[in-house]
Amino acid sequence: MNKVILVGANIQRDRMTDYYMEELDNLAQASGLEVVYSMTQQMNKINPPTYVGKGKVDEIKTYVDNLDADMVIFNNELSGSQVRNLENILDVRVIDRTILILDIFATRAKTKEAMLQVEIAQLNYLRPRLKGLTESLNRQQGGIGSRGPGEKKLELDKRRIDHEKARLLAELDEVVKSRKIQRRNRNKANIKKVAIVGYTNAGKSTLLNKLIEITEKDIDKKVFVKDMLFATLETSTRQIELNSHKQFLITDTVGFVSNLPHNLVDSFKSTLEEITEADYLIHVVDASHAYHENQIEVTNKTLEEIGVHDIPTLYVYNKCDLFSTDIKTSHFPNVTVSLLQESGIKTVLDFIEQELFTDLTNVTLLIPFNDGELISYFNEETHILHREYVNEGTLITVELNPLQLSKYADYIQEKSSTNS
Ligand SMILES: Nc1nc2c(ncn2[C@@H]2O[C@H](COP(=O)(O)OP(=O)(O)OP(=O)(O)O)[C@@H](O)[C@H]2O)c(=O)[nH]1
Ligand SMILES: [Mg+2]
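Here the structure is a predicted model, which means the values were calculated and not measured.

### A short note on the sheet that holds strand 3 (residues 71-74)
Sheets are built from strands that pair by backbone hydrogen bonding, the pairs being arranged parallel or antiparallel. Strands sit in the order 2-1-3-4 across an open sheet of 4 strands; the sheet is parallel. The sheet is open, and its two edges are formed by strand 2 (34-43) and strand 4 (93-96), each paired on a single side. Averaged over all pairs of adjacent strands, the angle between their axes in this sheet comes to 20 degrees, without regard to strand direction. In terms of strand pairing, strand 1 (residues 3-11) meets strand 2 through 9 bridges, oriented parallel. Across the sheet, Val7 pairs through a bridge with Met39, a residue of strand 2. Strands in contact with helix 1 (residues 17-30) are strand 1, strand 2 and strand 3; relative to strand 1, the strand with the most contacts, it is inclined by about 155 degrees.

And the structure:
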């Protein structure tokens, strides 16, 4: 296991520095690194050659030697020449927060789409730093920052990077196209869509699993949950059917983190696009986290960046088993839950049901006796509120969406809105 030292330069007294450093520590652990020391420095301006001042570099060097560290990770984004200069003095590998996050994504990516997106983000990071990083990349064999395109590092020059990037983008385009077709088919079915969003490790995948558990027999549909950053890198969509037979699709998405590299957000746009098409968002918050307010802000800012506006949102303040006092909630509407202890999940489901199916209309239909197939359709696809046999056939009162309403207009006897 690599022993690493974390360094954070606190420019102009950013009060979030401690939090960023704690998160950097988590990111390092998520990457399988052992953090042996973490240091910060207050500074008013950047020292261009090595980012931090000379005195600080010497201090880092002392820690590197004494603690036998083999890597230094900066919380601040470094240029290629800063990496080179720092490595020359410190004599160990130097990376920054961005490359660390890219590395985690590279290790976790499983689908073709996610892998291509990460590779493109890595190339985008590498390109402007190529000159400074060549030495570093040459020196390094395997490990952080070398997964994905980095493996071909020795042959890389700008022209080749551009060429490789164009190739990857074309490949990504193909993958995205076929997924879009799938999505379009779903849209055609006019089925409502919910997306679960939120900071990494908040409990998004847990929520999806619990919803599957309480509504489905088929628990094979469950997704991966783990106490680590970026457990989920792909979006998974599941169909859920409520007791009332109403169905909707629900998508678990990639978690966000502060200072998520722009390259990454850009290249993950196609994955995140699913969010922009949702009818309803469930924003899961780890309310036990001291900085959850900030995490909400970061998530909302990232959502804005990918073009999410005006989608009704339910805030789910999760992990209430971890704190005893009532928390002050700042975003509305909200519910406080413990997904682990399975409290509050039904309320989330009620919110979804209320929000998604506002366009249902209560109608009474007369189905002739010889139209048995139609009866079974309404049995399976809708919620039959009332049933009565009359001379001409069966009278059923059901909730229909606008599409069904126009399709079965000929059978309608009576109409009234459900949600008045
Ligand atoms: N104590 C407690 N832990 C919870 C609760 N809900 C989820 N967790 C834990 O929080 C961790 C993260 O849960 P996930 O569902 O993987 O979180 P996520 O938001 O999908 O995370 P990423 O996929 O990494 O973005 C897991 O270890 C869960 O078991 C809860 O109500 N209470
Ligand atoms: Mg997840």
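### What about unusual backbone geometry?
With an omega of -10 degrees, the peptide bond between Phe332 and Pro333 qualifies as cis. With respect to the secondary-structure elements, Pro333 resides in the loop between strand 9 (313-318) and strand 10 (334-336). A positive phi is found at Asp91, a non-glycine position, where the angle reads about 65 degrees. Among the structural elements, Asp91 can be located in the loop between helix 3 (80-90) and strand 4. By C-beta crowding, Asp91 is classed as exposed, having 11 other C-beta atoms within 10 Å.

### Side note on the site of ligand 1
Near ligand 1 there are 23 residues, and of these Ser205, Asp227, Thr232, Gly255 and Leu340 occur at the shortest range. Looking at the shell around ligand 1 element by element, the count peaks at 3 residues for helix 8 (residues 204-215). In the shell around ligand 1, the residues fall into 8 nonpolar, 10 polar and 5 charged.

### Describing the environment of Ser31
By the secondary structure assignment, Ser31 is in the loop between helix 1 and strand 2. Judged by the 23 C-beta atoms lying within 10 Å of it, Ser31 falls in the buried class. The spacing of Ser31 and Met228 is 197 residues in sequence and 9.8 Å in space, taken between C-alpha atoms.

Scoring rules and cut-offs
Residues numbered from 1 in each chain as written. Chains lettered and ligands numbered in written order. Predicted model: local features only at pLDDT ≥ 70, side-chain atom pairs only at ≥ 80, totals over all residues. Pairing = 2+ DSSP bridges. Helix = DSSP H or I, 4+ residues; strand = E, 2+ residues; numbered from the N terminus. Axes fitted to C-alpha atoms, helices over the stretch in contact; angles between N-to-C directions. Contact = placed C-beta atoms within 7 Å. Buried ≥ 20, exposed ≤ 12 C-beta atoms within 10 Å, placed from the backbone. Near = placed C-beta within 6 Å. Nonpolar A, V, L, I, M, F, W, Y, C, P; charged D, E, K, R; others polar.

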